[in-house]
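The chain contents come next:
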Amino acid sequence: MTKQQKQIHLAAHFPGVNNTTVWSDPEAGSHIEFSSFVKLAQTAERAKFDFFFLAEGLRLREQGGLIYDLDVVGRPDTFTVLAALAAVTSRLGLAGTINSTFNEPFEVARQFASLDHLSEGRAAWNVVTSWDAFTGENFRRGGFLPQDQRYSRAETFMRTAWELFDSWRADDLVADKATGQFLRGEPGRFEHHDEHFDIAGQFPVPRSPQGRPVIIQAGDSEEGREFAAATADAIFTRHGTLEAGQAFYSDVKGRLAKYGREHSQLIVLPAATFVLGDTDAEAHERADVVRRQQVSGQTAIKFLEQLWNADLSGFDPDGPLPAFDPVAGENTIAKGRASVRMYRDPLATARQWRELAEAKNLSIRELIIEVTGRQNFIGSPATVAGQINDFVQADASDGFILVPHVTPGGLDEFADKVVPLLQERGVFRTDYTGPTLRDHLGLTTPASPA
């Protein structure tokens, strides 16, 4: 029997505060002006993408005690942008990243329920956690959560928010002009007491079209995978190669059964970048140019400092790696950077980098270009369409969250040239089949409380 082809899910990540974005490109525009958000979102909707995705950072990045301005710096509030986009799109899902460490369930539930109403069922919440004191300094507690408690709080935060979403039944809002009855019963009452939250009252927002927003989880730790298997509708990953993707996909899908969930109830979506050309050779030439734009000499030194945990400003980016080892202990040169936490054994990583640099005779900049993120898909539109479909059909993912390197027009070429080829293959929708994001993702809507 021929295996039925899986349908591909695609989302558009608004470029911004990361080293993927080439803000200095002549084609690059503002990362703050609303017109940029509108341009990318409407391109994604024209191409029938599942959703638009906003990341979030709660403190400006710093390195060596100074604002890190080699990348884009600054971004507006997530809910404000998504609410405004709800007015200029009609089908595209709207996903926002909101931290469960520094917010409160009541406030976040109210904001997502409101967004789901305003967008008529297109809201999604990317749940992230944090434990670093650097970010915590921005908040009134002035403190932070111990690392081993962040997922405990996140899971409790999520389930508390669900209680708030479910405090209204679907038919509680009657508004019968003939009888004069506005409400049925006394909806919105909630009471929740545990080690993290001690709240009671009345939730003010009636049940929204999706009941609850689509839940996305971003995290690759053991706790993050378990959290996603237990609670999330989709997981945002960094595993971009076929083998790593298949291993991750099998792992997280395999965890669902113990929570009574089906294989289809968790959608795996790695982040992916791309460079297109009329031919594969042209695309690779363009990709080389983009990589050098993304990793300037200054950027290469800053990356190296994040691993070495030391001021390396006196080093030549076109020269060799430092002869001394990274400074062990808590990273103080780049506080709060998620990328720094990936280097769990800096000495071992430095040893690997030295071996690679010696084997290929690489300078610091050439090495950083080699070892840091690169374009996942490079080629002609036909090549990239084939690669994306191969990944999905081979169960390395269920689709991708695409990150263009130029804002706001970086998605245009993909929408115009790659999407039609996926549609011709019958693996991507030619139109939306339902109004809500849950419809796009093939997810069921949570039942209203009786």
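Quick caveat: nothing in here was measured; it's all calculated off a predicted structure.

(A) How the structure looks around the overall build of the chain. A count of helices and strands for the chain gives 15 helices and 16 strands. Dimensions of the chain, computed from the C-alpha atoms along their principal axes, are close to 80 × 55 × 45 Å. Considering the chain as a whole, with its 450 residues, one finds that 53% of them fall into the buried category. If you take every contact in the chain between residues at least 6 apart in sequence, the share linking residues at least 24 apart comes to 74%. Accessible surface, the chain: about 20,200 Å² in total, of which carbon and sulfur atoms supply 50%. Positive and negative side-chain charges in the chain, numbering 45 and 61 respectively, have mean positions lying 2 Å apart.

(B) Structural context of the pattern of salt bridges. As enumerated under the stated definition, the model contains 28 salt bridges in all. Where Asp 398 meets Lys 6, a salt bridge forms, and the shortest distance between an N and an O atom there is 3.2 Å. Here the residue Asp 398 occupies a position in the loop between helix 13 (381-393) and strand 16 (399-402), and Lys 6 occupies one in the segment before strand 1 (9-13), the gap between them amounting to 392 residues. There is no split in this pair, since Asp 398 and Lys 6 are both buried. A salt bridge links Glu 370 to Lys 360; the shortest N-O distance between them is 2.8 Å. Residue Glu 370 is found in helix 12 (residues 364-371), and its partner Lys 360 is found in helix 11 (residues 346-360); the two are separated by 10 residues along the sequence.

(C) Expanded view of the UniProt feature "binding site: FMN" (unreviewed entry) in the chain. Mapped onto this numbering, the UniProt entry annotates "binding site: FMN" (unreviewed entry) at Thr 97, Tyr 151 and Ser 221. Given the relative accessible area of 4%, Thr 97 is considered buried. The contact partners of Thr 97, leaving out residues within four places of it in the chain, are Phe 53, Leu 54, Ala 55, Glu 56, Thr 78, Asn 126 and Val 128. Tracing the backbone shows Ser 221 in the loop between strand 11 (214-218) and helix 6 (222-231). For Ser 221, the residues in contact, after removing those within four places along its chain, are Arg 150 and Tyr 151.

(D) Main features of the sheet that holds strand 16. One closed barrel accounts for eight strands, arranged 1-2-5-6-11-12-13-16; its pairing is parallel. Along the sheet, successive strands turn relative to each other by an average axial angle of 30 degrees, direction set aside. Bridge count for strand 11 against strand 12 (residues 234-237) is three bridges, and the pairing is parallel. Bridge pairing in strand 12 links Gln 217 to Ile 235. Contacting strand 6 (123-128), strand 11 and strand 12, helix 6 runs over the sheet at an angle of about 170 degrees to strand 11.

(E) Focus on the nonpolar core. Counting 75 residues, the largest nonpolar core has Phe 49, Phe 52, Trp 125 and Phe 414 as its most contacted members. Tallying contributions element by element places helix 5 (residues 150-165) first for this core, with eight residues. Here Phe 414 is in contact with Leu 10, Phe 49, Phe 274, Leu 276, Val 384, Ile 388, Leu 402 and Val 419, once residues within four sequence places are set aside.

(F) Inspection of unusual backbone geometry at higher detail. Here the amide bond leading from Thr 407 into Pro 408 is cis, since omega sits at 0 degrees, within 30 degrees of zero. Structurally, Pro 408 is set in the loop between strand 16 and helix 14 (412-424). Unusually for a residue other than glycine, Lys 48 sits at a positive phi of about 70 degrees. Along the polypeptide, Lys 48 turns up in the loop between helix 1 (34-46) and strand 2 (51-54).

(G) A look at the packing of helix 2 (residues 78-86) against helix 3 (residues 105-118). In the contact formed by helix 2 and helix 3, the axes pass within 9 Å of each other and the chain directions differ by 15 degrees. Between helix 2 and helix 3, the angle falls in the class roughly parallel. Crossing of helix 2 over helix 3 shows left-handed handedness. Contacts between helix 2 and helix 3 involve Phe 79, Leu 82, Ala 83 and Ala 86 from the former and Gln 111, Phe 112, Leu 115 and Leu 118 from the latter.

(H) Broad picture of helix 5. Over its 16 residues, helix 5 extends 22 Å from the first C-alpha to the last, a length consistent with the 22 Å expected when each residue adds 1.5 Å. The element helix 5 is largely enclosed, with a buried count of 12 among its 16 residues. Taken together, the buried positions of helix 5 are occupied by Arg 150, Tyr 151, Arg 153, Ala 154, Thr 156, Phe 157, Met 158, Thr 160, Ala 161, Trp 162, Leu 164 and Phe 165. In this fold, the buried residues of helix 5 make contact with helix 3, strand 6, strand 9 (189-193), strand 10 (198-202), strand 11 and helix 6.

(I) The arrangement of the side chain of Asp 71 in detail. By the secondary structure assignment, Asp 71 is in the loop between strand 4 (66-67) and helix 2. Overall, Asp 71 belongs to the buried group, its relative accessible area being 6%. Side-chain polar atoms of Asp 71 contact the side chain of Arg 61, separated by 3.2 Å. Contact partners of Asp 71, with chain neighbours within four places excluded, come to Asn 18, Asn 19, Trp 23 and Arg 61.

(J) Inspection of the domain arrangement of the chain at higher detail. Split into domains, the chain comes out as domain 1 (9-280 + 374-441) and domain 2 (296-371). Between the C-alpha centres of domain 1 and domain 2 the distance comes to 31 Å. Taken together, the contacts link 12 residues of domain 1 with 16 residues of domain 2. When domain 1 packs against domain 2, close to 1,200 Å² is buried across both sides, 52% of that on carbon and sulfur atoms. For the pair domain 1 and domain 2, the interface holds zero salt bridges. The tally of links from domain 1 across to domain 2 stands at three residue pairs in polar contact (both at pLDDT 80 or more).

The rules behind each value
- Residues numbered from 1 in each chain as written.
- Predicted model: local features only at pLDDT ≥ 70, side-chain atom pairs only at ≥ 80, totals over all residues.
- Heavy atoms only, no water.
- Helix = DSSP H or I, 4+ residues; strand = E, 2+ residues; numbered from the N terminus.
- Buried < 20%, exposed > 50% of the residue type's maximum accessible area, 1.4 Å probe, protein only.
- Contact = heavy atoms within 4.5 Å.
- Areas by Shrake-Rupley, 256 points an atom, 1.4 Å probe, with all protein chains shown as cover.
- Lys, Arg positive; Asp, Glu negative; His and termini not counted.
- Charge placed at Lys NZ, Arg CZ, Asp CG, Glu CD.
- Salt bridge = Lys/Arg side-chain N within 4 Å of Asp/Glu carboxyl O.
- UniProt positions renumbered as here; feature names shortened; annotations may be inferred.
- Pairing = 2+ DSSP bridges.
- Axes fitted to C-alpha atoms, helices over the stretch in contact; angles between N-to-C directions.
- Core = buried A, V, L, I, M, F, W, Y, C linked by side-chain atoms within 4.5 Å.
- Parallel < 35°, antiparallel > 145°, perpendicular 65-115°, else oblique.
- Left-handed = near helix turned anticlockwise from the far one by under 90°.
- Expected span 1.5 Å × (residues − 1).
- Polar contact = N/O pair within 3.5 Å; in protein donor to acceptor, adjacent residues only side chain to side chain.
- Domains from an automatic or database assignment.
- Buried area = accessible area lost by both parts, 1.4 Å probe.

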